[in-house]
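Residues per chain are reported as follows:
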Amino acid sequence: SFRLLMAGYFVCGFQVVFIGVHMPSYLKDKGLSPQVASYALALIGLFNVVGTYAAGVLGQKLAKRKILAFIYLARAVAITVFLLAPLTPVSVYIFASVMGLLWLSTVPPTNAIVAQIFGVAHFSMLGGFVFFSHQIGSFMGVWLGGVLYDRTGSYDVVWLIAIALGVLAALVNL
């Protein structure tokens, strides 16, 4: 179960850092202004506060693994809708707001699961291992985004990988 939790957090890192780093270029390639990307990143940050707090509150009432499964599946759905909808500043802002709600909302339930399973005596070490998997995912999201863009001239494949990984993370957290 610990390795599955780490796999889910890998996906978290992959998705959020790919979006945070490559979305501005993606939007520019699609003809939107740099201001749209700036506002989108600001909305992610704003809604991140709300989403993280809400996940922490919900974690006191609901099964944490189900919260995590919902977050990862919701991310996959949000990315899918974003790619299928017409790309406008409004659709970008809606996507950014939704992703902001889901951005770091994985942190409270993930940390709570680690503490629940193993206790708090070694929480910092075990939390560090889980966070390390997040960092590996972050690296892979940024690196793969750049490599595949250089090879194909598009971010489409990486968006699809982010969707598939979201579904996978939802399943492993269940």
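Conventions we followed
Residues numbered from 1 in each chain as written. Predicted model: local features only at pLDDT ≥ 70, side-chain atom pairs only at ≥ 80, totals over all residues. Heavy atoms only, no water. Helix = DSSP H or I, 4+ residues; strand = E, 2+ residues; numbered from the N terminus. Buried < 20%, exposed > 50% of the residue type's maximum accessible area, 1.4 Å probe, protein only. Contact = heavy atoms within 4.5 Å. Areas by Shrake-Rupley, 256 points an atom, 1.4 Å probe, with all protein chains shown as cover. Core = buried A, V, L, I, M, F, W, Y, C linked by side-chain atoms within 4.5 Å. Patch = residues over 30% accessible without salt bridge, like charges linked within 9 Å, V, L, I, M, F, W, Y side chains within 5 Å. Salt bridge = Lys/Arg side-chain N within 4 Å of Asp/Glu carboxyl O. pLDDT = per-residue confidence, 0-100. Expected span 1.5 Å × (residues − 1). Phe/Tyr/Trp six-rings, centres within 6.5 Å; stacked < 30°, edge-to-face > 60°. Polar contact = N/O pair within 3.5 Å; in protein donor to acceptor, adjacent residues only side chain to side chain. Bend = angle between axes of the 7 residues up to and from the residue.

1. Focus: the overall build of the protein chain
Step number 1: Helix and strand counts for the protein chain stand at 7 helices and 0 strands.
Step number 2: Traced from its N-terminal end to its C-terminal end, the protein chain shows the element sequence α-α-α-α-α-α-α.
Step number 3: Each principal axis of the C-alpha distribution contributes one length, and for the protein chain these read about 50 × 30 × 25 Å.
Step number 4: When the 174 residues of the protein chain are sorted by exposure, 43% land in the buried category.
Step number 5: Within the protein chain, contacts between residues separated by at least 24 positions form 83% of all contacts whose residues are at least 6 apart in sequence.
Step number 6: Counting only carbon and sulfur atoms, one obtains 72% of the accessible surface of the protein chain, whose full area is about 8700 Å².

2. So, the nonpolar core
Step number 1: Ranked by size, the top nonpolar core spans 43 residues in total, and within it Ile19, Leu27, Tyr72, Phe95 and Trp159 carry the most contacts.
Step number 2: Residue assignment for this core shows that the elements contributing at least two residues are α1 (2–29), α2 (34–58), α3 (64–84), α4 (89–102), α5 (107–118), α6 (123–152) and α7 (156–173).
Step number 3: Top element by residues in this core is α1. It accounts for 12 residues.
Step number 4: When residues no more than four places from it in sequence are discounted, the contact partners of tyrosine 72 are Gly8, Tyr9, Val11, Cys12, Gln15, Thr106, Gly166, Ala169, Ala170 and Asn173.

3. Overview of a nonpolar patch on the surface
Step number 1: Judged by side-chain polarity, Leu73, Val77, Val81, Val167, Leu171 and Leu174 come together as a nonpolar surface patch covering roughly 540 Å² of accessible area.
Step number 2: Put simply, the parts of the chain that give the nonpolar patch at least two residues each are α3 and α7.
Step number 3: With 3 residues, the top contributor of residues to the nonpolar patch is α3.
Step number 4: Inspection of the secondary structure puts leucine 171 in helix α7.
Step number 5: Leucine 171 gets classed as exposed once you look at its relative accessible area, which sits at 56%.

4. Side note on the confidence of the model for the protein chain
Step number 1: Summing up the model confidence of the protein chain, the mean pLDDT is 96 and the portion of residues at 70 or higher is 100%.
Step number 2: The least confident element of the protein chain, judged by mean pLDDT, is α5 at 92; the most confident is α4 at 98.

5. Some remarks on α6
Step number 1: With 30 residues, α6 ought to run about 44 Å at 1.5 Å a step, and its terminal C-alpha atoms sit 42 Å apart, in line with that.
Step number 2: Along α6, the positions that sit buried rather than exposed are Leu126, Gly127, Val130, Ser133, His134, Gly137, Ser138, Gly141, Leu144, Gly145, Val147 and Leu148.
Step number 3: Check the buried side of α6 and you find it contacts α1, α5 and α7.
Step number 4: At the C-terminal side of α6, glycine 153 shows a positive phi close to 75°.

6. So, the packing of aromatic side chains
Step number 1: This structure, assessed with the given rule, holds 12 aromatic pairs.
Step number 2: Arranged with centres 5.4 Å apart and planes meeting at 90°, the rings of phenylalanine 2 and phenylalanine 118 form a pair that is edge-to-face. Of this pair, phenylalanine 2 sits in helix α1 while phenylalanine 118 sits in helix α5, placing them 116 residues apart in sequence.
Step number 3: Under the relative-accessibility criterion, phenylalanine 118 is labelled partly exposed at 39%.

7. Observations concerning the side chain of asparagine 48
Step number 1: Among the structural elements, asparagine 48 can be located in helix α2.
Step number 2: A polar contact of 3.2 Å, which involves the side chain of asparagine 48, links it to the backbone nitrogen of leucine 104.
Step number 3: With sequence-adjacent residues up to four places away left out, asparagine 48 is seen in contact with Gly100, Leu101, Trp103 and Leu104.

8. With respect to α2
Since there are 3.6 residues in each turn of an α-helix, residues three or four apart along the chain are aligned in direction.
Step number 1: Compared with the 36 Å implied by 1.5 Å per residue over 25 residues, the 36 Å span of α2 between its first and last C-alpha is a close match.
Step number 2: If you look at α2, its biggest bend is around 30°, right at asparagine 48.
Step number 3: Inspection of α2 places Val36, Ala37, Ala40, Ile44, Asn48, Gly51 and Ala55 among the buried residues, and these make up the whole buried set.
Step number 4: Where the residues of α2 are buried, they touch α1, α3, α4 and α5.

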